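Given next are the chains, with one letter for each unit.
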Amino acid sequence: MQIDLNADLGEGFGPWTMGDDAQMLSLVTSASIACGGHAGDPETMYRTLMQAKKNGVNVGAHPGYADREGFGRRVIPMPPDEIGRMCAAQIGALMGVAALVGVPVTYVKPHGALGNLAARDRATADAIVAAVRRVDPKLAILAISGTESEAAARAAGASVFSEIFADRGYLASGQLVPRNHDGAMIHDADEAAARLMSFLQTGLMPVVDGDPIKLAAHSICVHGDSPGAVDMTRAISNYLTAQAVAVRPFVAP
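Calculation criteria
- Residues numbered from 1 in each chain as written.
- Predicted model: local features only at pLDDT ≥ 70, side-chain atom pairs only at ≥ 80, totals over all residues.
- Heavy atoms only, no water.
- Salt bridge = Lys/Arg side-chain N within 4 Å of Asp/Glu carboxyl O.
- Helix = DSSP H or I, 4+ residues; strand = E, 2+ residues; numbered from the N terminus.
- Buried < 20%, exposed > 50% of the residue type's maximum accessible area, 1.4 Å probe, protein only.
- Core = buried A, V, L, I, M, F, W, Y, C linked by side-chain atoms within 4.5 Å.
- Axes fitted to C-alpha atoms, helices over the stretch in contact; angles between N-to-C directions.
- Parallel < 35°, antiparallel > 145°, perpendicular 65-115°, else oblique.
- Left-handed = near helix turned anticlockwise from the far one by under 90°.
- Contact = heavy atoms within 4.5 Å.
- Nonpolar A, V, L, I, M, F, W, Y, C, P; charged D, E, K, R; others polar.

### Description of the pattern of salt bridges
Here's step 1: Counted under the stated rule, the structure contains eight salt bridges.
Here's step 2: A salt bridge links K109 to E163, with the shortest nitrogen-to-oxygen separation between them at 2.7 Å. Of the two residues, K109 sits in the loop between β4 (105-108) and α4 (112-120) while E163 sits in strand β6 (residues 160-165), which places them 54 residues apart along the sequence. Of the two residues, K109 and E163, neither departs from the other in class, the shared state being buried.
Here's step 3: The salt bridge partner of R154 is E150, with a shortest N-O separation of 3.7 Å. Of this pair, R154 and E150 both sit in helix α6 (residues 148-155), four residues apart, which is roughly one turn of the helix.
Here's step 4: Relative accessible area serves as the criterion here: at 7%, E150 is assigned to the buried category.
Here's step 5: One salt-bridge network, in which partners are shared between bridges, spans D8, K109 and E163.

### Focus on the nonpolar core
Here's step 1: L49, L94 and I236 are the most contacted members of the largest nonpolar core, which has 73 residues in total.
Here's step 2: With eight residues, helix α3 (residues 80-101) is the single largest residue contributor to this core.
Here's step 3: Listed in part, the six residues of the second largest apolar core include A140, L142, F250 and V251.

### Side note on the packing of α4 against helix α5 (residues 122-135)
Here's step 1: Between α4 and α5, the least distance of the axes is 5 Å, while the angle of their chain directions is 115 degrees. One finds that α4 runs roughly perpendicular with respect to α5. Remark: the crossing between α4 and α5 carries left-handed chirality. Packed against α4, whose contacting residues are L114, L117, A118 and R120, the element α5 presents R122, T124, A125 and I128 at the interface.
Here's step 2: Broken down by class, the residue content of the contact of α4 with α5 amounts to five nonpolar, one polar and two charged.

### Some points on unusual backbone geometry
Here's step 1: Despite not being glycine, F71 shows a phi value in the positive range, around 55 degrees.
Here's step 2: Tracing the chain through its elements places F71 in the loop between β3 (58-62) and α3.
Here's step 3: Judged by its relative accessible area of 8%, F71 falls in the buried class.
Here's step 4: Look at A244: it is not a glycine, yet its phi comes out positive at around 60 degrees.
Here's step 5: Relative to the assigned elements, A244 resides in the loop between α8 (229-242) and β10 (246-247).
Here's step 6: With a relative accessible area of 63%, A244 lands in the exposed category.

This is the structure in structure tokens:
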């Protein structure tokens, strides 16, 4: 058995930093890098891409709402086509900086409120997938498992990989528990690792409002901005290795 371990990184801006990207990039196999919407700027992208290249980490674009104050975790009302154009611009920005570094961008993963909206709203998911396909049809979609994003990517013939979250609670619908609700975040590394190992053995994910649900997974995400993200990522990696689960990127960089 093998699985990817990814984190959302490069989420600083100017002199402001978020998380410990250097440590995270020594642990993960894929990095979803902010590209100027909810966070990120050319220099932050460049530094993060350089660190990813040094560590041999697979790189993806992490577009989000242009809402730095809310860190892209608030829905900004926009028509689906406008969302598609916003994503295309951000993906193109990261690809441009990545060309300077000499690393390929292999996938796209929408961030925060945008990703959650696409997970439940097919029109939004279709618009994002269509934009990604127009930018570069070789780009894969990293989609929250069991959601409209996954279905939209498959329907469009895109390469799609399913993602589960180590540090987030789930609803019976397959959606993530909203961050302002109890059970949204898992902070204990051992609890997160034990839940993941149970999931990998059974294919069933515990939820806060019902019986466990069946999900598929090619990649496990730990949010790089969460307190204790490095310790949690290290603990999960160690648990996986101890159980003979190979930690490898879902797309070769």
